[in-house]
Amino acid sequence: MSQEDIIDKYMEEIESTGKVPSSIDEFCIENGIEKEDFHREFDSFKAIDRTIFLLFYIQTNQLLEKSGNFSVAEPKEKLLSFYFTFFEVLAANRPYVLVAFPTEINEINRLDILADLRKRFLAFAGDVFSSKINSDIPQLEKIKAKTYEEGTWAQLLFILNFWIRDNSEGNEKTDILIEKSLKATFDLVDITALKSIMDLGKFLYKEATT
Amino acid sequence: MKYYGEKMVNPDLDKEKLNQANAEDIYDSLKELKGSALKAAQMLSMEKNFLPSAYVEKFSLAQFSVPPLSGPLVQKTFLKAFGKFPAELFDTFNEESVNAASIGQVHKASKDGKTLAVKIQYPGVADSIGSDLALVKPIAMKMFNMKGADSERYFQEVETKLKEETDYLLELAQSKEITQACKHIPNLKFPNYYEELSNDRILTMDWMDGVHLSQFKPTSQVEADKIGQSLWNFYMFQMHGLKKVHADPHPGNFLVNNEGNLIAIDFGCMKIIPEDFYGPYFELANAANFSNKDALNKALWELEILREDDSEAEIKFFSELFSSMLELFTRPLNAENFDFGDVAFFNEIAALGEKYAKSSELRKMNGNRGSKHFLYINRTFFGLYSLLHDLKAKIEVNAFKQYLNEVHQPV
């Protein structure tokens, strides 16, 4: 039994029962999966979740690449397209996500099911913002890049949290949130005041280090 | 607040500045709101003769403060509506919107050799109407000194109309209905609408070549009169023939093409004129009744301008106010020919407006009066008058009557 089959069965079970299976043993028996097959691919249900969220990212990326002008789009358009597509992919699997995604504070340790998604997403965000970074003072720009990447990740989590509670038709309110929060982000990134402060920071940094 | 502050330091404060300061206050509280509050601001800005000019400038800014939809959201909106991207649905689709309306934006597209205008609504507009209006309400109640629970009816009327405007399928149906009913009126053109490329949030129609009425510069009086007459006939036919009227005579909703035809677009806001309003309203408008105090009084009660709980002073004040207002506003309706280029007429309206805007007497009285139907019917007349004034058109007032016999039923 392949990894893909196990994932399918796992998601089907969650969607029909509304909860994570109680044990690996039980899950394997009920779905006719050899335990060796399961353990060859995954060591826990959490590991399946982690893979699924990574697959959401990969599927999003494939869809985006198919839509012609994505690679040449402006940073803001790129990020917008990513979000809209990502949440479409999630919407297709909404019952699963509602069960798997940690919504309570005591489940915060479950956030690590996003670990693989996070790695890929940070790289993507770094790439998107690369045009907003110039490299005259590498140390400072590295901090800036890190800030953008982490900030964007925090934004994704924030929108994800909103989406989970969003009961509007077609999750329209999430679309509005994406539109408005990205506009705000890029207005901030492009704002002259921020650039001036960066410029001042660069000067002071240079003076302090030379 | 600003009034007293500024007045203390500068007792000679000129009125324009005072108005400006107040208008800015009101505008600042309105501009934070989107969508329907914008529409409400637009409604106020239509009545430009009734509001001192400083208000008008601020309120018309309101139309430009919604950020356009991003390209990716436009794509997503189409995907959700039709399961296809705009590029698959049309032969060409321009991603840059050509202009923004208060609740949507317009893209140029083409299909099967036809050039099309595709209007896309901002998401969430329909949802936010109720909450936006709740925010405007206290401001409006204070501005117009409305007392009593039944002032709710005005807000309900606006809310209903605004909600209707967010339903593009309703707009499509209304457009088809009007196009059919008015096809025999000369020099009047309408775009075709495409159901298969429309839904409640997306409206596809023919791209109409022409200049917006606000930018149209007639080369001669004859040309101005021709456009003005078409506009007049169109509106009077709707009022009296259909008893249902395009209640948004905004210059952005009309184009003039190079054959001198008037093109009407945007039928989002239609007002049905109920019989029990139509009767007394146009009776009031009839010059003969000004001298007949009893008839005038009867109509004022029927139109809810006078209230049971009015004091004697209020009855006297409002009877006089409305007689002088009506005599003035209905002057064009009671003439054979009317010159809307007549500056004196519009100055008179403005002077009357200023007089009552400043009236401390009026401010003390309950402003919650008048049938709710006044809102959109008055807006329609104000809009029509100011469009005709901008054109400086001379109108043959009763020319529309020849089209009344031919009322095409909607198909």
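All values reported here derive from a predicted model rather than from experimental measurement.

Here A:Thr85 lies in helix α5 (residues 75-92). Among residues more than four places away in sequence, those in contact with A:Thr85 are A:Thr60, A:Leu63 and A:Leu64.

Within the structure shown, the criterion is met by 47 aromatic pairs over all chains. Relative to A:Phe86, the ring of A:Phe82 lies with its centre 5.6 Å away and its plane at 10°, an arrangement referred to as stacked. With A:Phe82 and A:Phe86 both in helix α5 and 4 residues apart, this pair spans about one turn of that helix. Relative accessible area serves as the criterion here: at 0%, A:Phe82 is assigned to the buried category. Taking relative accessible area as the criterion, A:Phe86 reaches 0% and is therefore assigned buried. Where B:Phe381 meets B:Tyr385, the ring centres are 6.0 Å apart and the plane angle is 65°; that geometry is what we call edge-to-face.

Before going further, it helps to examine the confidence of the model for chain B. Residues and elements named next belong to chain B. Confidence in the prediction for chain B averages 79 pLDDT; 78% of positions are at 70 or higher. For the stretch residues 1-16, pLDDT sits under 50, and the model shows 12 contacts to residues farther than four places along the chain or on other chains. Here residues 30-38 is modelled with pLDDT under 50, and outside its nearest four sequence neighbours on either side it reaches 24 contacts, counting other chains as well. If you check the scores for this complex, the pTM reads 0.76 and the ipTM reads 0.72.

Of note in this structure, A:Asn171 is not a glycine but carries a positive phi near 50°. By the element assignment, A:Asn171 lies in the loop between α8 (138-165) and α9 (172-190). Classification of A:Asn171 by relative accessible area gives buried; the value is 12%. Positive phi values are uncommon outside glycine, yet B:Asp266 reaches one of about 70°.

The next point concerns the sheet that holds strand β7 (residues 211-212) of chain B. Residues and elements named next belong to chain B. Reading across from one edge, β5-β10-β9-β7 is the order of the 4 strands in this open sheet, with mixed pairing throughout. Every interior strand has two partners, whereas the edge strands, β5 (188-189) and β7, have only one. With 2 bridges connecting them, β5 and strand β10 (residues 262-264) associate as parallel partners. Pairing of Leu188 across the sheet is with Leu262, part of β10.

Residue and element names in this part refer to chain B. In terms of residue burial, strand β4 (residues 114-121) counts as a mostly covered element, since 6 of its 8 residues are buried. Relative to β4, strand β3 (residues 104-111) runs antiparallel, the two being bridged by 8 bridges. Bridge pairing links Val106 to Lys119 in β4. Linking two consecutive strands that pair antiparallel, namely β3 and β4, is a turn of 2 residues; a positive phi of about 50° is found at Asp112 within it. As judged from the 5 bridges shared by β4 and strand β6 (residues 202-206), these two strands associate in the antiparallel manner. For Ala117, the partnering residue across the bridge sits in β6 and is Met205.

Often, the extent of an interface is quoted as the loss of accessible area upon association of its parts. Tallying the contact residues gives 12 residues for chain A and 13 residues for chain B. Between chain A and chain B, the buried area comes to about 1,200 Å², and carbon and sulfur atoms account for 55% of it. At the boundary of chain A with chain B, the tally comes to 4 salt bridges. Among the salt bridges present, the one from B:Arg201 reaches A:Glu172, with a minimum N-O distance of 2.5 Å.

Conventions and cut-offs
Residues numbered from 1 in each chain as written. Chains lettered and ligands numbered in written order. Predicted model: local features only at pLDDT ≥ 70, side-chain atom pairs only at ≥ 80, totals over all residues. Heavy atoms only, no water. Helix = DSSP H or I, 4+ residues; strand = E, 2+ residues; numbered from the N terminus. Contact = heavy atoms within 4.5 Å. Phe/Tyr/Trp six-rings, centres within 6.5 Å; stacked < 30°, edge-to-face > 60°. Buried < 20%, exposed > 50% of the residue type's maximum accessible area, 1.4 Å probe, protein only. pLDDT = per-residue confidence, 0-100. Pairing = 2+ DSSP bridges. Buried area = accessible area lost by both parts, 1.4 Å probe. Salt bridge = Lys/Arg side-chain N within 4 Å of Asp/Glu carboxyl O.

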